[in-house]
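# Survey of secondary and tertiary structure
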Amino acid sequence: MRSWLARSSAITGSMGDAMLLKIHHLTHYRFEHPVPYGLQRLRLIPKENAAQKILHWKTEIEGGKVEADYIDYHNNHILLVSINEGAGEIIVRCDGEVETNDTAGIMGRHGGHVPLWYFLRPTPLTESTREIQALARSAVAEGDDLLATLHALSTKVLAAVRYDIGHTDSATTADAALAAGHGVCQDHAHIFIAAARSLGIPARYVSGYLMLTDRVEQEASHAWAEAHVEGLGWVGFDVSNGISPDLRYVRVATGADYSEAAPISGISYGGGEQSMVVSLAVEQ
């Protein structure tokens, strides 16, 4: 088993204005046949920002090894992992503690190595259609400023696409989810992003964790969107829950869409059919 340990930080400041979240995230891939070759890109290590301080984070890998550890052009922390030759499974286990602060969803000025215009361009998952543009225009009619327009847009996306698991997947486009009228957090984020971009507002996808109030165990990590507002910088919108991220959220990776911020992505050859089991717990 290979362990990859992120740097730790001392706890500072008053805990009265913060929340301490403990996260356990396990992903277990099984292959029908031994894998001769495979690579996985892990976006599972959160970074510190205005809303969170990483107190401890450890990533353990069984059935593979880390080939590279780097920061990508979106400022995401990436581990590039090769699957051991002949392996029938690979297990990725993350454990960490994160101190969060409520910034009302405001992440601040733009960083990373890509310009803001990059987040105005459509992607295959966030193409802007007439239906998405009409949804965006209806939000403009209700918003008396840019921030109000974005909150109205979030509300309208949720009204148009009810949260309903089992009908979409990672390849579902914003247009397809809108037409279907149901989807999950990934679909809500993609529709919001496509609509915001149609209005000339830079928008991006965020993957991370959310502490739920009714249970600790979860089936998957969470996703939301961020839009860039002049004077505030990046502002988060969790369409599925109708709020901006608060103390219960841990932000891990960002990208133009899901494909650039997915927790795990990669390729494998010769393994036949594969199955994946995810175990996730987020608690205070």
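Residues numbered from 1 in each chain as written. Predicted model: local features only at pLDDT ≥ 70, side-chain atom pairs only at ≥ 80, totals over all residues. Heavy atoms only, no water.

### Some words on helix α1 (residues 130–142)
End to end, α1 covers 19 Å across 13 residues, agreeing with the expected 18 Å (1.5 Å per residue, within 8%). Along α1, the residues that are buried comprise Ile132, Leu135, Ala136 and Ala139. Viewed end-on, α1 has its buried residues packed into an arc of 95°, placing them on one side of the element. Facing away from the buried side of α1 by more than 90 degrees, the exposed set consists of Arg130, Arg137 and Ala141. Against α2 (146–160), α3 (174–180) and α4 (185–198) lie the buried residues of α1. (Helix = DSSP H or I, 4+ residues; strand = E, 2+ residues; numbered from the N terminus. Expected span 1.5 Å × (residues − 1). Buried < 20%, exposed > 50% of the residue type's maximum accessible area, 1.4 Å probe, protein only. Arc of directions from axis to C-beta. Contact = heavy atoms within 4.5 Å.)

### Notes on the packing of aromatic side chains
Tallied over the full model, the rule gives six aromatic pairs. On the basis of an interplanar angle of 80° and a centroid distance of 5.4 Å, the ring pair of Tyr118 and Phe119 is categorised as edge-to-face. For Tyr118, a relative accessible area of 13% translates into the label buried. With centroids separated by 5.3 Å and ring planes inclined at 85°, the aromatic side chains of Phe119 and Trp234 adopt a geometry described as edge-to-face. Here Phe119, found in the loop between β8 (106–108) and α1, pairs with Trp234, found in strand β14 (residues 233–237); they are 115 residues apart in sequence, far enough to count as distant. In this structure Phe119 comes out as buried when scored by relative accessible area, which is 0%. (Phe/Tyr/Trp six-rings, centres within 6.5 Å; stacked < 30°, edge-to-face > 60°.)

### Regarding the environment of Ala195
Looking at where Ala195 falls in the secondary structure, it is placed in helix α4. For Ala195, a relative accessible area of 0% corresponds to the buried category. Through-space distance from the C-alpha of Ala195 to that of Val157 is 9.2 Å; in sequence the pair is 38 residues apart. Beyond its immediate chain neighbours, meaning those up to four positions away, Ala195 contacts Ile132, Ala136 and Leu153.

### A few points about the packing of α1 against α4
Helix-helix packing is described using two parameters, namely the angle between the two axes and the distance between the axes. One can describe the packing of α1 onto α4 by two numbers: an axis separation of 8 Å at closest approach and a directional angle of 75°. Between α1 and α4, the angle falls in the class roughly perpendicular. Contact with α1, carried on its side by Ile132, Gln133, Leu135 and Ala136, involves Ile191, Ala194, Ala195 and Ser198 of α4 and no other residues of that element. Its residues assigned to classes, the contact of α1 with α4 comprises six nonpolar, two polar and no charged. (Axes fitted to C-alpha atoms, helices over the stretch in contact; angles between N-to-C directions. Parallel < 35°, antiparallel > 145°, perpendicular 65-115°, else oblique. Nonpolar A, V, L, I, M, F, W, Y, C, P; charged D, E, K, R; others polar.)

### A look at the packing of α2 against α4
With their axes 10 Å apart at the nearest point, α2 and α4 run at an angle of 135° to one another. Our classification of the angle between α2 and α4 gives oblique. The two elements α2 and α4 meet at a crossing, and its hand is right-handed. Each of Leu150, Leu153, Ser154, Val157 and Leu158 in α2 lies in contact with α4, whose residues at this interface are His188, Ile191, Phe192, Ala195 and Ala196. Classifying every residue of the contact of α2 with α4 gives eight nonpolar, two polar and no charged. (Left-handed = near helix turned anticlockwise from the far one by under 90°.)

### Focus on α2
A rise of 1.5 Å per residue sets the reference length of α2, with its 15 residues, at 21 Å; its end C-alpha atoms lie 21 Å apart and thus fit the reference within 8%. Within the span of α2, buried status applies to Thr149, Leu150, Ala152, Leu153, Ser154 and Val157. Packing partners of the buried residues in α2 comprise α1, α4, β13 (222–229) and β14. Capping the start of α2, Asp145 holds a side-chain oxygen 3.2 Å from the backbone nitrogen of Leu147, two or three residues further along. (Polar contact = N/O pair within 3.5 Å; in protein donor to acceptor, adjacent residues only side chain to side chain.)

### Notes on the sheet that holds strand β15 (residues 249–255)
Taken in spatial order, the five strands make up an open sheet running β8-β14-β13-β11-β15, and their pairing is antiparallel. What marks the edges here is a single partner per strand, and that holds for β8 and β15. For this sheet, the mean inter-axis angle between neighbouring strands, taken without regard to orientation, is 35°. Strand direction decides the pairing type here: β8 and β14, joined by two bridges, are antiparallel. Within the sheet, the bridge partner assigned to Ile106 lies in β14 and is Val235. Lying on the sheet, α2 is in contact with β13 and β14; it crosses β13 at an angle near 155°. Strands in contact with α4 are β11 (203–210), β13 and β14; relative to β11, the strand with the most contacts, it is inclined by about 155°. (Pairing = 2+ DSSP bridges.)

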